[in-house]
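As a plain string of letters, each chain reads:
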Amino acid sequence: MATVTDISPAGAKTLDLHVSPLGRVEGDLDVRVSIRDGVVTSAWTEAAMFRGFEIILKGKDPQAGLIVTPRICGICGGSHLYKAVYALDTAWKTELPPNATLVRNIAQACETLQSIPRWFYALFAIDLTNKNYARAEGYDEAVRRFAPFVGTSYEVGVTLSGKPVEVYAIYGGQWPHSSFMIPGGVMCGPTLADVTRSIAILDYWKDEWLEKRWLGGSVERWLENKSWADVLAWVDENEGHYNSDCGFFIRFAQRIGLDRFGAGFGNYLATGTYFNPELYARPTIEGRNAALINRSGVFVDGHYYDFDQANVREDVTHSFYEGSHALHPFEGRTEPVDPAIGRKQGKYSFAKAPRYEIPGVGSRPLEAGPLARQVVAGKPGAASWQDFDPLFHDAVTTVGPSVLVRVMARMHEAAKYYKLARGWLDQLDLHEKFYIKPQELPDGRGFGSTEAARGSLSDWIVIKEGKIENYQVVTPTAWNIGPRDSREVNGPMEQAFVGAPIADTSDPVELGHVARSFDSCLVCTVHAYDEKTGKELARFRIGEGA
Amino acid sequence: MATLLWFQGGACSGNTMSFLNAEEPSACDLVTDFGIDILWHPSLGMELGEAAQRLFYECARGERPLDIFVFEGTVIQGPGGSGRYDMFADRPMKDWVLELANQASIVVAIGDCACWGGIPAVAPNPSDSTGLQYLRKARGGFLGADWRSKAGLPVINIPGCPAHPDWVTQILVAVASGRTADIALDDLQRPQTFFKSFTQTGCTRVQFFEYKQSTMEFGQGTRTGCLFYEFGCRGPMTHSPCNRILWNRQSSKTRAGMPCTGCTEPEFPFFDLAPGTVFKTQKISGTIPREVPTGTDPLSYMALAAAARVAAPKWSKEDMFVV
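Read on for a plain summary of the structure. All figures in this text were calculated on a predicted structure; none of them were measured in a lab.

Reading the values: the criteria
Residues numbered from 1 in each chain as written. Chains lettered and ligands numbered in written order. Predicted model: local features only at pLDDT ≥ 70, side-chain atom pairs only at ≥ 80, totals over all residues. Heavy atoms only, no water. Helix = DSSP H or I, 4+ residues; strand = E, 2+ residues; numbered from the N terminus. Rg over C-alpha atoms; globule rule 2.2 N^0.38 Å. Buried < 20%, exposed > 50% of the residue type's maximum accessible area, 1.4 Å probe, protein only. Pairing = 2+ DSSP bridges. Axes fitted to C-alpha atoms, helices over the stretch in contact; angles between N-to-C directions. Contact = heavy atoms within 4.5 Å. Left-handed = near helix turned anticlockwise from the far one by under 90°. Nonpolar A, V, L, I, M, F, W, Y, C, P; charged D, E, K, R; others polar. Core = buried A, V, L, I, M, F, W, Y, C linked by side-chain atoms within 4.5 Å. Expected span 1.5 Å × (residues − 1). Salt bridge = Lys/Arg side-chain N within 4 Å of Asp/Glu carboxyl O. Buried area = accessible area lost by both parts, 1.4 Å probe. Polar contact = N/O pair within 3.5 Å; in protein donor to acceptor, adjacent residues only side chain to side chain.

So, on to the overall build of chain B. Counting its regular elements, chain B contains 10 helices and 13 strands. Here the C-alpha radius of gyration of chain B, 21 Å, is about what a compact globule of 323 residues would show, namely 20 Å. In terms of principal-axis extent, the alpha carbons of chain B reach across some 70 × 45 × 30 Å. Here chain B holds 323 residues, and 63% of them are scored as buried.

Structure below.
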């Protein structure tokens, strides 16, 4: 759905696409792109829905965030709960028994283990059946496996994705939208059968999906891959790997070029997740980095930096909020403006634009998500309890980031998080405490953060006289799809669109791949504009593949 | 074959995620075994591209039969009644909702947001959100109290935050298999087959409730007792089958030690999350629960409670859900 107008004096073709909605899941995202000579030259990502959770939380019970913030996103609701409770733990200076940290870790990991196959089959892989690829070798096989509802792997992948959250429900009562993590611990007091059932369910999921369907081999063998070259060699190692969904995907993705676009800035953020039970028994903002199992960090222009929440800003220059400030979330403000008015001020999105201030370097947009986490996992200096994994640092420095690399970083976590969750289940001491009642301090400030499936997710809470004075949430989707800032620097996803080749302007599936490789929790809409005149030419269109 | 269109307004997608946890039938079974033709859903791939656009307009104009319109999320009316806080396909989502609801045989609201406005409608309701036919407890909502679908039915409310997948899939199967007439609704337009019973019906803590034995602490403390007395559990006042049809095939919040927050009722979140109300039973004079189980009165209940405590056996004061 595009019109081609040859208006450039140089004879370059400028294409105008208007395609919508592009992605899938919470709220709507419009993406405008300008295309020239079959390549995207600029992009603007526009979050099109506003609910005002931060406004609702003002003046409420300090624990209201445990109920309200999971409802920001039902896909990452457990992650919202996890970071919201740590914001309160740090504000109230609680003590956490080791079991509480373990149960929180297990639950958080299980939400992500659910998300990995569900995202891959229900949201991402269906684009591989797009008719644009009909002439690619392996297309029939892609359709056989990944066609929505009827694909041989689709149904298995989507249905088995519900298994890890059965484990979540054993501890939290249900998934999505439990609020079972509270300052001082967790609400549950698991029994022996709860733990044995959890182990059986997780191992079933590992056997039936992760090893049989996805890897075509063992988790242990997959985890021996330490470089991108290792991954490619793994595919050809035996028929099991080669014909697995993973092996097939890597081969088919290369054939259709998913390894050649969607790079983005190559700058990454992980706030880290999962805590060492002994080291985070008394959660503090300052003590957070050292207690993490999956580390935090920032990777910019090839250099690693430590993450410090004090360096986060949210810029609203181009966001539908009053002003053009870039405030730290403790001072953050959420004052919406009518888009009809905001547009006249150059604003174009309900997402704020999160930026990270690197001392001595400056303010940067950073990509969040599995690739960011796995690049940070390659940071030197891991302590004995922390994850060190060089695989994706190698990938981004040898073959460079792309849609394929971003997808594989996510899928890699299935094996890693399964191993972690199984280990934590073994460490639960059922005869010890799961909760230590805290003192509900009337005043305080807290910071909680985690890695949702799709990236760094953080809360900043200010409590005054027993109620919420200010509450700010910075989501991975805001990090990734946020708009330009005061210096007109693109957001990460805007940048990742730039350079994407569009083979068939009537069905620009490449844009869909880029957007969905970020797994933004928004239904995306793409409009494309005449690069010269800015005039929008094409009409509304719904659809996958753009 | 029944056609179904699923839209999301001010939504978190939690109901879609819950729906994807379904097993009997699974989301795939609905399509392959029960002939539900999902014309479009915001996060699942089906009819796409220009065909889907055409389909939207055809449904909205009544040119293509739409049997079931499912709506998830609030109808966002702000700012100033313009609906510009939720744009979809270049129009306020509310305009799509009105046109599609009027053309559908049956309209199903899934989750609290679509039923009553849910969390986004909590004061000060910054987006001016409402449910399809209710705003919290007040009938009316976006479509109006007297609105009826083409089949002559009001909006079928399947509340919950989120709704359990079975509540959704079983109603869809009932519609697709010609049992629409069997869907009896209660006075909040909820299917009685699910919402006549209480959340407490089937709760594993009900014997502690019988003898008025309280859980005294979260965590290890939830191995005994009932959560109604101290932790604000709304199980005796909330209508849902959470302890008849378990969550994720495993458990429920109250079984796992989390107080019911009453999320299938229009007042959720109760007390608008005012300071001191979260996970705490509201009491009169510091001892008597301000709210007693549905249908009883405080005096009768206190008499029953006093007698029950006298009758309480020794085991009711000990841990039951042990290692």
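Turning our eyes to something else, we now look at the sheet that holds strand β10 (residues 297–300) of chain A. Residues and elements named next belong to chain A. Taken in spatial order, the 3 strands of this open sheet run β7-β10-β11, and their pairing is antiparallel. The open sheet is flanked by β7 (268–270) and β11 (303–305), the only strands paired with a single partner. Adjacent strand axes in the sheet meet at a mean angle of 15°, parallel and antiparallel pairs treated alike.

Position of T191 of chain A among the secondary structure elements: in the loop between β6 (185–186) and α8 (192–215). Classification of T191 of chain A as buried rests on a relative accessible area of 14%. If we skip the residues at most four places from it in the chain, T191 of chain A touches L430 of chain A together with F321, V322 and V323 of chain B.

All names here are of chain A. The contact between helix α4 (residues 98–124) and helix α17 (residues 403–427) brings their axes to 9 Å, and the two run at 150°. The way α4 lies across α17 gives a crossing that is left-handed. Two secondary-structure elements touch here, α4 through L102, N105, I106, A109, T112, L113, S115, I116, W119, F120 and F124 and α17 through V403, V407, R410, M411, E413, A414, Y417, Y418, A421, W424, L425 and Q427. When its residues are assigned to classes, the contact of α4 with α17 shows 17 nonpolar, 4 polar and 2 charged.

This paragraph deals with the nonpolar core. Among the nonpolar cores identified, the biggest contains 195 residues, and F120, Y171, F180, W209, W214, F249 and L258 of chain A are the most heavily contacted of them. For W209 of chain A, the residues in contact, after removing those within four places along its chain, are I116, P117, Y121, G157, L160, Y204, W214, M411 and A414 of chain A. Membership of the second largest hydrophobic core comes to 32 residues, among which are F69, A104, V155 and L188 of chain B.

Attention shifts here to helix α3 (residues 77–92) of chain A. All names here are of chain A. Given a rise of 1.5 Å per residue, 16 residues ought to cover 22 Å, and the 22 Å separating the end C-alpha atoms of α3 matches this to within 8%. Counting buried positions over the 16 residues of α3 gives 16, a clear majority of the element. A positive phi of about 55° marks K93, the residue just after α3.

The next thing to look at is the pattern of salt bridges. Here the idea is simple: oppositely charged side chains can pair when their charged atoms come close. Under the counting rule described, the total for this entry stands at 49 salt bridges over all chains. Salt bridges sharing partners connect three or more residues here, namely E141, R144, R145 and D245 of chain A.

Tallying the contact residues gives 82 residues for chain B and 92 residues for chain A. Across the interface of chain B and chain A, roughly 6800 Å² is buried in total on both sides, 62% from carbon and sulfur atoms. The tally of links from chain B across to chain A stands at 4 salt bridges. There are 30 residue pairs in polar contact (both at pLDDT 80 or more) connecting chain B and chain A. Elements with a minimum of two residues in the side of chain B that touches chain A: α1 (14–19), α2 (27–32), β2 (36–40), α3 (49–61), β5 (87–88) and α9 (253–256) of chain B. Ranked by residue count, the leading element in the side of chain B that touches chain A is α3 of chain B, at 6 residues. Its residues assigned to classes, the side of chain B that touches chain A shows 45 nonpolar, 25 polar and 12 charged.

Residue and element names in this part refer to chain A. Spatially, β13-β12-β14-β15 is the arrangement adopted by the 4 strands of the open sheet, whose pairing is antiparallel. Each edge of the open sheet is held by one strand with a lone partner, namely β13 (326–327) and β15 (362–364). Here 2 bridges tie strand β12 (residues 312–315) to β13, and the two strands are oriented antiparallel to one another. When the bridges of β13 are listed, E314 appears paired with L327.

Residues and elements named next belong to chain A. Here L88 lies in helix α3. Owing to a relative accessible area of 1%, L88 belongs among the buried residues under this scheme. As for L88 and V40, which are separated by 48 residues in sequence, their C-alpha atoms are 44 Å apart. Among all residues touching L88, those that are not within four sequence positions of it are P62, Q63, L66, K93, P183, I461 and I463.

Once that is clear, we can look at the pairing of strand β16 (residues 444–452) of chain A. All names here are of chain A. Among the 9 residues of β16, 8 are classified as buried, and the element is accordingly described as predominantly covered. Here 9 bridges tie β16 to strand β17 (residues 455–464), and the two strands are oriented antiparallel to one another. Following the sheet pairing, R445 is matched in β17 by V462.

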